[in-house]
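# Breakdown of the fold
Single-letter residue listing:
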Amino acid sequence: MLAQARAWRLVDMRQERGFTQAQVAERMGVTKGRVSQIECGQVSGTDVVARYVEALGGSLIMVAVFDDGELRKVG
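Quick summary incoming for the structure in this document. (Residues numbered from 1 in each chain as written. Predicted model: local features only at pLDDT ≥ 70, side-chain atom pairs only at ≥ 80, totals over all residues. Heavy atoms only, no water.)

### A short note on helix α2 (residues 21-28)
Under the convention used in this document: For every residue, the accessible area obtained with a 1.4 Å probe (protein chains only) is divided by the maximum for its type, and the residue is called buried under 20%, exposed over 50%, and partly exposed between those limits. Numbering of helices and strands runs from the N terminus; a helix is a DSSP stretch of H or I covering at least four residues, while a strand is a stretch of E covering at least two. This arc is built from the directions going out from the helix axis to the C-beta atoms.
Those residues of α2 that sit buried are Gln21, Val24, Ala25 and Met28. Down the axis of α2, the sector holding all buried residues measures 100 degrees, keeping them to one side. Across α2 from its buried face, at more than 90 degrees, point the exposed residues Glu26 and Arg27.

### Examining the nonpolar core
To be explicit about the condition: To define a nonpolar core, start from buried Ala, Val, Leu, Ile, Met, Phe, Trp, Tyr and Cys residues and group those joined through side-chain atoms within 4.5 Å. We call two residues in contact when some of their heavy atoms are within 4.5 Å.
Core analysis: the largest hydrophobic core is formed by 13 residues, its most contacted members being Val24, Met28, Val35, Ile38, Tyr52 and Leu56. Counting only elements with at least two residues in this core, the list comes to α1 (2-16), α2, α3 (32-39) and α4 (46-55). Looking at which element gives the most residues to this core, the answer is α4, with four residues. Residue contacts for Tyr52: discarding those within four places in its chain leaves Leu10, Val11, Arg14, Val24, Met28, Val35, Ile38 and Glu39.

Remember that the coordinates give geometry; whether it matters functionally is a separate question.
Written out as structure tokens, the structure reads:
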């Protein structure tokens, strides 16, 4: 269910920025069908999400939070 919730947010981000699935697919170098799969939560790793976000003009930041600090990865 969490993957589906995230997937819905990806669709929202794409639509808010005025992109079609075909445009995102072209920017990612994948098929429109693959973009549809990603938006439905069929994601094999964070690298796929990072590429999707980059296709929308953004960047993905992952943060690991510990009691004594945090680690950030921009990708």
